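# Overview (structure and organization)
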Amino acid sequence: MSVRTAIPLLTPLLPDRDSLAPYLDQLDRNRHYSNFGPLNTALEQRLSGLFEAHSNHPIHVTTTSSATLGLELVLSSLDLPPGSKVIVPALTFVASLTTIIRAGYIPVIADIDPDSWLLTPAIAAEAATQSGAKAVLAVAAFGQPQDTLGWSEFQRQSGLNVVIDAAGAFGSQWVEAPDIPVVYSMHATKSLAAGEGGMVVSGNATVNNTVRQLSNFGINLDANAGFPVGHLSFVGSNAKLSEYHAAVAHASLDQWDAQARLRQRIYHDYREALVQACGADLQWQAGIQLAAPTIFCVRMATDARDRLEKICQQRQIATRRWYQPLLHQHAAKVAPIIKQPTPIAEAVANGLIGLPFSTFISRQDITDVVEAVSLATVNIAPINQLK
Ligand SMILES: Cc1ncc(COP(=O)(O)O)c(C=O)c1O
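Values in this document were obtained by computation on a predicted structure and should not be read as measured data.

## Re the pattern of salt bridges
For the coordinates displayed, the defined rule picks out 9 salt bridges. The salt bridge involving Arg212 is made with Glu44; its shortest N-O contact spans 2.8 Å. One end of the pair, Arg212, is in helix α7 (residues 205-214); the other, Glu44, is in helix α2 (residues 38-52), with 168 residues separating them in the sequence. This pair shows no difference in class: Arg212 is buried, exactly as Glu44 is. Connected through salt bridges with shared partners, the residues Arg305, Asp306, Glu309 and Arg321 form a single ionic network.

Put into structure tokens, the structure is as follows:
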């Protein structure tokens, strides 16, 4: 009798020790371990070159110890009055919410688009009229990119500041608009993995310089600031990326293209197999084909989702209700928040499920997952349309 092995939800892919060796050798020679050392500087330069190939303006990259801190510092750099309202979509990771509160603002939780499952400028405009918000934290949810040019237009017309949380969208989300800062994660589960890490990318040197100072406690580093170097000019934090993490990020970047192709191929074959087996019983997030998918999410009828979870539990197939509970459903202790009506986010979340996905997933694993999804969706009423 064959013994079934468990199928994990997600297995990170980080560079092995041989790929790290040249960067660790540099670290040994440099004897510089944090505080904007040479590996960090070189990493920021490599990354800005990559982003500049996808925009027609200079790009500034500032690394941080996580995307969460990067987001908190960019939001702080907006310097809005304490208690200002900031719009955020209901369907996102909790960090999108906590960073707003930690920056001293009040989240306004808004709905999402029924096709892309993203906050859009039109939804934000409506939420701003209702709430009097001063800023928007738009999210590239599930790695699906936001339209920076569209948000730039929104920012110009509305006067609200826009920041994009693209934590899971490295390689798919670019920074086409110079006035919209975008924040990425280099957590172990992301496609450009450093273990922990983040980066703030923008076309505005002032935003990046402010974030850099905020990441170094708020100490002024600029001799031309009209303020003594070494004095506090902001209340910042310690959010610097260590040289060790920069070393991992370099090695990860060396392998990124090959890894991204592999992720795309597996995602494509997996999705094709599910579409063939379950067709109209499944709804997919609308948008571009992602450059390097790291998670695998699909919507189905609520009954089918609940049945699938039971089947997967019996068969040791890991699943996750990504981004659930929705932001406002956490909120007993997380206050104050303001909530707009979110019927679409609730309808999407009621049938959303994350299936196992990684560069290590085998064909047999995929066959097993597809079989479980087919079993769960058979004889279930069709998925309800969102429009
Ligand atoms: C949408 C979103 N925002 C923020 C984060 C936080 O990123 P980090 O772990 O780098 O702080 C994540 C992490 O997955 C995320 O998905």
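## Comments concerning the site of the ligand
The environment of the ligand is formed by 15 residues, the closest being Ala67, Thr68, Asp165, Ser185 and Lys190. Within the backbone of Ala67, a nitrogen or oxygen atom sits 2.9 Å from an oxygen atom of the ligand. Thr68 places a polar side-chain atom, nitrogen or oxygen, 2.5 Å from an oxygen atom of the ligand. In the complex, 88% of the free accessible area of the ligand, which totals 400 Å², lies under the protein chains. Of all the secondary structure elements, the ones that give two or more residues to the shell around the ligand are α3 (67-77) and α4 (94-102). Of the residues assigned to the shell around the ligand, the class counts are 6 nonpolar, 7 polar and 2 charged.

## Quick look at the packing of aromatic side chains
Under the criterion given, the structure shown has 15 aromatic pairs. Between Phe51 and Trp174, the aromatic rings sit 5.4 Å apart at their centres with planes inclined by 70 degrees, giving edge-to-face as the arrangement. Here Trp174 lies in the loop between β5 (161-165) and β6 (182-185) and Phe51 lies in helix α2, a separation of 123 residues in the sequence. Ring geometry for Tyr270 and Phe357: centres 6.4 Å apart, planes at 20 degrees, overall stacked. Residue Tyr270 is found in helix α9 (residues 256-278), and its partner Phe357 is found in the loop between β10 (352-355) and α12 (363-377); the two are separated by 87 residues along the sequence.

## Quick look at the sheet that holds strand β3 (residues 106-110)
Reading across the sheet, the 8 strands line up as β1-β7-β6-β5-β4-β2-β3-β9 and stay open at both edges, with mixed pairing between neighbours. Each of the sheet's edge strands pairs with one partner strand only, and the pair in question is β1 (60-64) and β9 (338-339). As paired strands, strand β2 (residues 85-89) and β3 are joined by 5 bridges and run parallel to one another. Paired with Val88 across the strands is Ile109, a residue of β3. Docked against the sheet, α4 engages β2, β3, β4 (135-139) and β5, running at close to 150 degrees with respect to β3.

## Quick look at the domain arrangement of the chain
Looking at the assigned domains, one finds that the chain contains domain 1 (17-254) and domain 2 (256-377). For domain 1 and domain 2, the distance between their C-alpha centres works out to 26 Å. Taken residue by residue, the interface counts 41 residues in domain 1 and 35 residues in domain 2. Regarding the contact of domain 1 and domain 2, the summed buried area is about 3,300 Å², with carbon and sulfur atoms giving 66% of it. In terms of surface lost to domain 2, no three residues of domain 1 exceed Ile109, Trp117 and Phe142, which account for 24% of the buried area on that side. For the pair domain 1 and domain 2, the number of links is 0 salt bridges. Counting across the interface, domain 1 meets domain 2 through 17 residue pairs in polar contact (both at pLDDT 80 or more).

Quick notes on the rules
- Residues numbered from 1 in each chain as written.
- Predicted model: local features only at pLDDT ≥ 70, side-chain atom pairs only at ≥ 80, totals over all residues.
- Heavy atoms only, no water.
- Salt bridge = Lys/Arg side-chain N within 4 Å of Asp/Glu carboxyl O.
- Helix = DSSP H or I, 4+ residues; strand = E, 2+ residues; numbered from the N terminus.
- Buried < 20%, exposed > 50% of the residue type's maximum accessible area, 1.4 Å probe, protein only.
- Near = heavy atom within 4 Å.
- Polar contact = N/O pair within 3.5 Å; in protein donor to acceptor, adjacent residues only side chain to side chain.
- Areas by Shrake-Rupley, 256 points an atom, 1.4 Å probe, with all protein chains shown as cover.
- Nonpolar A, V, L, I, M, F, W, Y, C, P; charged D, E, K, R; others polar.
- Phe/Tyr/Trp six-rings, centres within 6.5 Å; stacked < 30°, edge-to-face > 60°.
- Pairing = 2+ DSSP bridges.
- Contact = heavy atoms within 4.5 Å.
- Axes fitted to C-alpha atoms, helices over the stretch in contact; angles between N-to-C directions.
- Domains from an automatic or database assignment.
- Buried area = accessible area lost by both parts, 1.4 Å probe.

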